[in-house]
Amino acid sequence: LPPTTSIPSSLTLAATALTTSTASSFTTPVAFPTETVYGLGADATSSAAVKGIYAAKGRPSDNPLIVHVCDLSMLQSYCNPLPDIYQELIANFWPGPLTILLPVPTSGQKLLAPEVTAGLQTFGVRMPDSALARTLIKLVGKPLAAPSANASTRPSPTKAVHVLEDLEGRIELILDGGDCAVGVESTVVDGLCDPPVVLRPGGVGIEEIRRVKGWEGVVKGYKDKSEVGEGDRPRAPGMKYKHYSPRARVVLFEGHKTVEVGEEIKGQEGGKKVGIIRTGRWESLVGEEERVDSDEGEEGGFTVRQGAVRDKEGKEVATVLDVDLGQDVKGVAHGLFAALRELDRLEADVIFVEGVSDGDDIAAAVMNRLRKAASEIRV
Ligand code: TXA
Ligand code: MG
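Computed from a predicted model, the values in this text were never measured in an experiment. (Residues numbered from 1 in each chain as written. Chains lettered and ligands numbered in written order. Predicted model: local features only at pLDDT ≥ 70, side-chain atom pairs only at ≥ 80, totals over all residues. Heavy atoms only, no water.)

Got a minute to help me understand the sheet that holds strand S14 (residues 316–324) in this structure?
Paired through backbone hydrogen bonds, the strands of a sheet run either parallel or antiparallel to each other. Taking strand neighbours across the sheet as the criterion, the 6 strands line up as S13-S14-S12-S15-S11-S16 in an open arrangement whose pairing is mixed. In this open sheet, the two edge strands, each paired with only one partner strand, are strand S13 (304–310) and strand S16 (376–378). Each adjacent strand pair in this sheet contributes to an overall mean axis angle of 25°, direction not counted. Bridge analysis of strand S11 (residues 249–253) against S16 gives 3 bridges, and the strand direction is parallel. Counted as the bridge partner of Phe253 is Arg378 from S16. (Pairing = 2+ DSSP bridges. Helix = DSSP H or I, 4+ residues; strand = E, 2+ residues; numbered from the N terminus. Axes fitted to C-alpha atoms, helices over the stretch in contact; angles between N-to-C directions.)

What follows is the structure, encoded as structure tokens:
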């Protein structure tokens, strides 16, 4: 920070809450904004502090956390020298939505709490492109371990209010930095193996990574597509643990295949409130004037409109809640988690989502999250 910049008191308060006092084993994790999603942070060098994250989220402790640093000199206390393979990647993408794996620090270096890495020999680290996040880390003076600040299995939070929805009563502080610009989590890469691997698609596209020296042969180390049924066969639900899931059942239509809402409704048990998330080609089912009272304004990236689906006799068979995320895939990424959460808040029973064309850009992250959120996929 330039010396003349005054630090808002909320930041000072958050930094104090994150600073472990040696006299007490109690610290509270703090939710803070990053450019990807909100994180739930704690001092990455303190076991007691990191345990507080797992407790607040209800997260299984075998899933390692990402460490966040404010600058390279902080990182070098935990890994020095940085492996050559990462030099250009860091130069290109930090600060930003890219997480790299490094060997866990051993004696002679500063140490991380073992709970951060869940027993692995590597730790994931990134430098966020959010001035608020970096200032917080700088004030704490220690790296912050932070998973996404959602309750385990829920969509990641891209607004402070999403964190409140999930973690109210479980944490003490949320720093509100407005909407997260990117909207999906960081890309996780491992350059310690040959060839290097993308472990999770995210804000930085694999096509951008491939342009960096040493990363031309990077491979995808995650699977989502192969789990999709062949032909028109829907994938069996519940094959893996739920993730990124709203309460409503999510049905994903890959490749812009259109949904016949009327037909779908007839075949559906129970509730009749249908959420639709469109990403460019599906026609709206609702007139322009029928806007619902929604928390989202245009500035949130989308509006929700409500309408009725009628049968041939004109009888209303369902209510439709229509969200248009637009054609630009970055805009889709930005609004995706908020749209899933907003349709939950409006009590949709089922959400039909129009997939985006899978690509080597942020579209890969969008489809990866949707495939994990969906209990049914139509190819
Ligand atoms: O954008 C993001 O990365 C956000 C913000 C808050 O920075 N954080 C985030 O954290 O998404 P989380 O905990 O929800 O996801 C971390 C991912 C998990 O898929 C985890 O398995 C992986 O990173 N990961 C972390 N450390 C790892 C390691 N040592 N080896 C392999 N995977 C690791
Ligand atoms: Mg997460």
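We are not done yet, so read on.
Teacher, can you tell me more about the confidence of the model for the protein here?
Close inspection of predicted coordinates is inappropriate for parts of the model with low pLDDT. Scored by pLDDT, the protein comes out at a mean of 87, with 87% of its residues at no less than 70. pLDDT under 50 marks residues 236–240. Its contacts with residues more than four places away, or in other chains, come to 6 contacts. (pLDDT = per-residue confidence, 0-100. Contact = heavy atoms within 4.5 Å.)

Any chance you could explain the site of ligand 1 here in plain terms?
Within the structure, ligand 1 sits among 23 residues, and Thr36, His68, Arg126, Ser186 and Arg200 are positioned closest to it. Contacts to ligand 1 include His68, whose side-chain N or O atom sits 2.6 Å from an oxygen atom. Note that an oxygen atom of ligand 1 is positioned 2.9 Å from one of the side-chain N or O atoms of Arg200. Put simply, the parts of the chain that give the shell around ligand 1 at least two residues each are strand S3 (66–68), strand S5 (122–126) and strand S9 (197–200). When grouped by side-chain class, the residues that make up the shell around ligand 1 number 11 nonpolar, 8 polar and 4 charged. (Near = heavy atom within 4 Å. Polar contact = N/O pair within 3.5 Å; in protein donor to acceptor, adjacent residues only side chain to side chain. Nonpolar A, V, L, I, M, F, W, Y, C, P; charged D, E, K, R; others polar.)

Would you explain the packing of helix H10 (residues 329–345) against helix H11 (residues 363–373) in this entry?
In a pair of packed helices, the angle between the axes and the distance between the axes together describe the arrangement. Between H10 and H11, whose axes approach to 9 Å, the crossing angle comes to 35°. As for the relative orientation of H10 and H11, their crossing is left-handed in sense. Residue-level inspection shows Val329, Val332, Ala333, Leu336 and Phe337 of H10 in contact with H11, the latter providing Ala363, Val366, Arg369 and Leu370. Per-class residue counts for the contact of H10 with H11 are 8 nonpolar, no polar and 1 charged. (Left-handed = near helix turned anticlockwise from the far one by under 90°.)

Can you help me understand the sheet that holds S3 in this one?
Strand order in the open sheet formed by 10 strands is S7-S1-S2-S6-S3-S5-S4-S8-S9-S10, and the pairing between neighbours is mixed. Each having just a single partner strand, strand S7 (173–174) and strand S10 (219–220) make up the two edges of the open sheet. With 3 bridges joining them, strand S1 (residues 30–32) and strand S2 (residues 39–43) adopt antiparallel strand pairing. Bridging from a neighbouring strand, Val30 pairs with Gly41 of S2.

What's the story with the pattern of salt bridges in this structure? I'm lost.
Proximity of charged atoms lets side chains of opposite charge pair with each other. Scanning all chains against the criterion turns up 21 salt bridges. Between Glu35 and Arg126 there is a salt bridge; the shortest N-O distance is 2.7 Å. With Glu35 in the loop between S1 and S2 and Arg126 in strand S5, the pair connects residues that are 91 residues apart, well separated along the chain. On the basis of relative accessibility, which here comes to 7%, the residue Glu35 falls in the buried class. The exposure class of Arg126 is buried, given its relative accessible area of 2%. Salt-bridge contacts for Asp358 lead to Arg371; the nearest nitrogen and oxygen are separated by 3.1 Å. With Asp358 in the loop between strand S15 (350–354) and H11 and Arg371 in helix H11, this pair connects stretches of sequence that are 13 residues apart. (Salt bridge = Lys/Arg side-chain N within 4 Å of Asp/Glu carboxyl O. Buried < 20%, exposed > 50% of the residue type's maximum accessible area, 1.4 Å probe, protein only.)

Would you explain the pairing of S13 in this entry?
Two elements, S13 and S14, share 7 bridges in a ladder whose sense is antiparallel. Within S14, the residue paired with Arg305 across the bridge is Asp322. If you look at the hairpin formed by S13 and S14, you'll find 5 residues sitting between the two strands, and Gly314 has a positive phi there, around 85°.

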